[in-house]
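Residue-level structure breakdown
In case you want the letters, here they are:
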Amino acid sequence: MSKIRVYQLAKKMEISSKELIDKLLELGIDVHNHMSSIEDGDALIVEEYLAEDKVQDEEVVEEIDKNDKSKESLVDTFNALEDQEDVVSERKANKKNRKKKKNAGNKRSKFKGENELVESTNSEEIMIGDTILVSDFASKLNKSPAEIIMKLMNLGVMATLNQDIDFAVAKTLAEDYGVEINQEVRIDAAERFDLDFEDDPKDLLPRAPIVTVMGHVDHGKTSLLDAIRDTAVTTGEAGGITQHIGASEAIINDQKIVFLDTPGHEAFTSLRARGTKVTDIAILVVAADDGVMPQTIEAIDHAKAAGVPIIIAINKIDKPNANQDRVKQELSEKGVLIEEWGGDVISVPVSAKNREGIEQLLEMVLLVSEMLELKANPNRKAVGTIIEAKTDVGKGTVATVLVEKGTLNIGDPVVVGSTYGRVRAMYNFKGKKIKLAGPATAVEVTGLNDIPQAGDRFYVANDDKQARLIAEKRQIELREENLNETKHISLEDLFDKIKEGELKELNIIIKADVHGSIEALKGSLLKLSNEEVKVNIIHANIGTITESDILLASASNAIILGFNVRPSSAVQRKAEKEKVNYKTYQIIYEAIKDVQEALTGMLDPVFREVVLGKIQVRETFKVPNIGVICGGYVLEGKVVRNANVRIVRDGIIIHDGKISSLRRFKDDVKEVATGYECGIGIEKYNDIKINDEIEAYIIEEIPRK
Ligand SMILES: Nc1nc2c(ncn2[C@@H]2O[C@H](COP(=O)(O)OP(=O)(O)OP(=O)(O)O)[C@@H](O)[C@H]2O)c(=O)[nH]1
């Protein structure tokens, strides 16, 4: 007996796959999703069943119609009276809602509720943040600063007028005065002013999906986006040239799909690292002549970590050496099982060059989108995310906003991060002026007082004054946040976080020089999961630690373990900026031991590694009886005579040892600083090559507390 897929049958019956699945389950026919197959016999049963339903529905509608007609005149008579009552009850309902919202707010933020209380009833209670200036604290307590400073001294805290004291110290001191202080819980200014709130499910309407195209370099991401534009954007519209605003829209079967214009998982994850997830579906481009490559794997893991469904576009099928089966095989090895292989990931063969398969691909996007049941409320003040922003000579500050919910109108007062303004003009992706933009629409907006950052949240405020106020408040908060920015997880603080119940899953990224090490590490680390914390390997790949790994770690609060690899200086700086923790090892057992000890609170490092500097190898010389000496240039930091060194080639550690000689010209020297050249010999190592990087480091003992 032949079979049919759920989505195919749904299409044939002109209902949504979701509706069909519900009916199938009602009939006891077991299906998992739109890709599940059902027997033709079962298909027939459900078709008949639905036909019956339809007849019944029509009968009911007729019945209701009849009743309605007879009621109509009666309703008319009552309408005048009812109107009056409506207003009263609506007011009552609004009041109730406001109250409800206020209560919800109290639950969300202790600070808000109590602060209101402070101002109205209880003057003996004070709210402060993590720290407070001595002078501010004195004035809050209504005491002279000198008195406070004296009291602090008695507590053993030496602080001047303009120094901060901790919340704990402030609390102890305040207790002396019989004053209770409480800690402010910081919440986003926009949230505090209720510019964003959760919608009532009954207000939600279907919205278009937002799609990002990902894939390995040169597999055809840009070409595919171009092909989509050609196929589904400009069709039937004269002069429909797309503008670059960071996103574009495609129409297929009268339905809209929004494409983010910057392809690649880095762009996707950098938005996520900033706390926003805008993509609903990822199209993963894999070139049929090249197969699954390192960045294909990265893209898969980045999409998976974000919980975003993937559609595979097997591209370049026009090429004579295209091999679709190989792509499918390699994907399955990476845990991506496409439908033909018994999985539920859709794959579509395409040629961006010949514009082949593009419509099918877009139809599949709609199908997946239908399953996701994407919804938004268009009837509220708009909330969105900045996709990109710049200054334009003619227009001033222009920012592309992806409206996520609500409708954005010309003239709306807006607040975006610490910038604000009023929507002066809006342009769609074709450069056409528009007056309003509903959910899942990308629009270029002018009228902001400064350039916001990609990933900033965009809110419509009640009025200009409020927009400015919130933006200014955000500015102060951002400054404070920069001062005590939260770090991502590290092995050292892991146990405390687990104990406090803050961490239930430990996300790990593994980068190593060879496949075998990855498998060994992965296997052992996964076994470390216990009742309290689950270990997840969210990404594991061959090669050095890259910026995209740092972004993924930042977006997913993961730690990075490197085996025999060293990140470049740029990547190290990125890690520092994103406050991401990475550790590199050269013995697998040590990596596993560290994670195990960290999970059980036994990690107590006695030694730490301190990187002194980096030297670029610019020349090599063979010296008889001594071996190979290299001529190097100190790129950063310094190198000292007794340092340990590791030789790094393309991010992979190829040797770890000690310096045997360090010279400037003919003289032996103790150290060489940044910007100087030197001659270096490495103990028992001669395989050094031009462009290798030498990282000098020492092992330092950590003093016991
Ligand atoms: N034959 C053939 N060539 C293609 C196809 N799609 C893309 N190419 C070619 O592949 C090369 C790379 O395409 P791009 O679209 O630039 O690839 P990309 O993934 O955006 O590349 P990066 O942005 O550099 O990561 C170009 O030379 C394209 O012309 C296709 O379907 N068939």
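All of these numbers come straight from a predicted model, not from anything done at the bench.

Helix and strand content of the protein: 19 helices and 35 strands. Relative to its 705 residues, the protein shows a buried fraction of 46%. When contacts within the protein are restricted to residue pairs at least 6 apart in sequence, those whose partners lie at least 24 apart make up 71%. Entry remark: accessible area of the protein is about 37200 Å², with carbon and sulfur atoms responsible for 49%.

What follows concerns the sheet that holds strand 26 (residues 558-563). Sheet strands line up and pair through hydrogen bonds in the backbone, either parallel or antiparallel. Sheet architecture is open: four strands sit in the order 25-24-26-27, paired in parallel fashion. Two strands lie at the open edges of the sheet, namely strand 25 (534-542) and strand 27 (582-585), each paired on one side alone. On average, adjacent strands in this sheet sit at an angle of 20 degrees to one another, irrespective of strand direction. Pairing analysis gives six bridges linking strand 24 (residues 505-512) to strand 26, with the strands arranged parallel. Bridge pairing links Ile509 to Ile560 in strand 26. Across the sheet, helix 16 (residues 515-526) is in contact with strand 24, strand 25 and strand 26; its angle to strand 25 comes to roughly 175 degrees.

For helix 5 (residues 134-141), the set of buried residues is Val134, Phe137, Ala138 and Leu141. One side of helix 5 holds all its buried residues, which, seen down the axis, span an arc of 100 degrees. Note on helix 5: the residue one or two positions beyond its end, Asn142, has a positive phi of about 65 degrees.

To continue, consider the packing of aromatic side chains. The tally for this structure, following the rule as stated, stands at zero aromatic pairs. Looking at Lys395, its charged tip hangs above the ring of Tyr427, at a distance of 4.2 Å from the centre. Stacked on the ring of Tyr633, the Lys or Arg Arg618 has its end atom at 4.2 Å from the ring centre.

Another aspect to go through is the environment of Trp341. Within the element layout of this structure, Trp341 appears in the loop between helix 12 (324-333) and strand 13 (347-349). The spacing of Trp341 and Lys328 is 13 residues in sequence and 8.1 Å in space, taken between C-alpha atoms. Apart from the residues lying within four places of it in its own chain, the contact partners of Trp341 are Asp325, Lys328, Gln329 and Ser332.

Attention shifts here to the pattern of salt bridges. Scanning the model with the defined rule gives 35 salt bridges in all. For the salt bridge of Glu47 with Lys12, the shortest nitrogen-to-oxygen distance reads 3.7 Å. Of the two residues, Glu47 is situated in helix 3 (residues 40-108) and Lys12 in helix 1 (residues 6-13); the sequence distance between them amounts to 35 residues. Looking at Glu47, the relative accessible area reads 26%, which means it is partly exposed. Since its relative accessible area comes to 56%, Lys12 is described here as exposed. Three or more residues joined by partner-sharing salt bridges are found here, namely Arg566, Glu609, Lys614, Arg646, Asp656 and Glu695.

Attention now goes to the site of the ligand. Around the ligand sit 15 residues in total, of which Lys221, Thr222, Ser223, Asp318 and Ala352 are the nearest. A distance of 2.5 Å separates an oxygen atom of the ligand from a polar side-chain atom of Ser223. Counting residues per element, the shell around the ligand draws most heavily on helix 9 (residues 221-232), which supplies three residues. Here the shell around the ligand is built from residues that sort into two nonpolar, seven polar and six charged.

In this fold, Glu578 is placed in helix 18 (residues 569-578). It turns out Glu578 is buried and unbridged, and the closest side chain with the opposite charge, Lys574, is 4.2 Å from it. Of the polar contacts made by the side chain of Glu578, one reaches the side chain of Ser554; its length is 2.8 Å.

A few words now on the nonpolar core. Ranked by size, the top nonpolar core spans 44 residues in total, and within it Leu224, Phe259 and Ile283 carry the most contacts. Considering every element that reaches this core, the biggest residue donor is helix 13 (residues 358-372), with eight residues.

Regarding helix 1, the residues found buried are Val6, Tyr7, Leu9, Ala10 and Met13. When helix 1 is viewed along its axis, its buried side chains cluster within an angular range of 160 degrees and face the same direction. Exposed residues pointing more than 90 degrees away from the buried face of helix 1 are listed as Lys11 and Lys12. Positive backbone phi, approximately 60 degrees, marks Glu14, located one or two places after helix 1.

The six strands lie next to each other as 9-10-8-11-12-13, forming an open sheet whose pairing is mixed. Each edge of the open sheet is held by one strand with a lone partner, namely strand 9 (247-252) and strand 13. Averaged over all adjacent pairs, the angle separating strand axes in this sheet is 30 degrees, with direction ignored. Across six bridges, strand 9 lies against strand 10 (residues 255-260) in antiparallel orientation.

To continue, consider empty space enclosed by the protein. One pass over the full model with this rule turns up one cavity of 30 Å³ or more. Estimated volume of the largest cavity: approximately 40 Å³. Lining the largest cavity are His244, Ile245, Glu388, Ala389, Lys390, Val398, Ala399, Thr400 and Glu444. Contributing elements (two or more residues each) for the lining of the largest cavity: strand 15 (383-392) and strand 16 (396-405). Residues that form the lining of the largest cavity fall into these classes: four nonpolar, two polar and three charged.

Here we take up the packing of helix 9 against helix 13. Orientation of helix 9 relative to helix 13, taken along the N-to-C sense of each, is 90 degrees, at an axis distance of 10 Å. Classified by the interaxial angle, the pair formed by helix 9 and helix 13 is roughly perpendicular. Judged by residue contacts, Leu224, Ala227, Ile228, Thr231 and Ala232 of helix 9 engage Ile358, Glu359, Leu361 and Leu362 from helix 13. Of the residues belonging to the contact of helix 9 with helix 13, the class tally is seven nonpolar, one polar and one charged.

All right, on to the state of the cysteines then. The final tally for this structure, using the stated rule, is zero disulfides. Left unpaired, Cys630 is separated from the closest cysteine sulfur, that of Cys678, by 7.2 Å. In this structure Cys630 comes out as buried when scored by relative accessible area, which is 0%. The buried category is assigned to Cys678, whose relative accessible area is 6%.

Backbone geometry at Arg355 places phi at a positive 60 degrees, although glycine is not the residue there. Tracing the sequence through the fold places Arg355 in the loop between strand 13 and helix 13. Judged by its relative accessible area of 36%, Arg355 is partly exposed. Of note in the backbone geometry, Lys579 takes a positive phi value of approximately 55 degrees without being a glycine. If you trace the backbone, Lys579 turns up in the loop between helix 18 and strand 27. Taking the relative accessible area as the measure of exposure, Lys579 reaches 30% and is therefore partly exposed.

Time to look at the confidence of the model for the protein. A residue-level look at the protein finds 83% of positions with pLDDT of 70 or above and a mean pLDDT of 81. A low-confidence stretch, residues 59-81 stays under pLDDT 50, and its non-local contacts, those more than four residues away or across chains, total zero contacts. Per-residue pLDDT stays below 50 along residues 83-123; that stretch engages in 21 contacts with residues further than four places along the chain or on separate chains. Two numbers describe this predicted complex: its pTM, 0.67, and its ipTM, 0.97.

What counts and how
Residues numbered from 1 in each chain as written. Predicted model: local features only at pLDDT ≥ 70, side-chain atom pairs only at ≥ 80, totals over all residues. Heavy atoms only, no water. Helix = DSSP H or I, 4+ residues; strand = E, 2+ residues; numbered from the N terminus. Buried < 20%, exposed > 50% of the residue type's maximum accessible area, 1.4 Å probe, protein only. Contact = heavy atoms within 4.5 Å. Areas by Shrake-Rupley, 256 points an atom, 1.4 Å probe, with all protein chains shown as cover. Pairing = 2+ DSSP bridges. Axes fitted to C-alpha atoms, helices over the stretch in contact; angles between N-to-C directions. Arc of directions from axis to C-beta. Phe/Tyr/Trp six-rings, centres within 6.5 Å; stacked < 30°, edge-to-face > 60°. Lys NZ or Arg CZ within 6 Å of the ring centre and 35° of its normal. Salt bridge = Lys/Arg side-chain N within 4 Å of Asp/Glu carboxyl O. Near = heavy atom within 4 Å. Polar contact = N/O pair within 3.5 Å; in protein donor to acceptor, adjacent residues only side chain to side chain. Nonpolar A, V, L, I, M, F, W, Y, C, P; charged D, E, K, R; others polar. Lys, Arg positive; Asp, Glu negative; His and termini not counted. Core = buried A, V, L, I, M, F, W, Y, C linked by side-chain atoms within 4.5 Å. 1 Å grid on protein atoms, 1.4 Å probe; cavity = no way out; pocket = protein on both sides within 12 Å on 5 of 7 lines; lining within 4 Å. Points joined across faces, edges and corners; volume = space filled by probe spheres on them. Parallel < 35°, antiparallel > 145°, perpendicular 65-115°, else oblique. Disulfide = S-S within 2.5 Å. pLDDT = per-residue confidence, 0-100.

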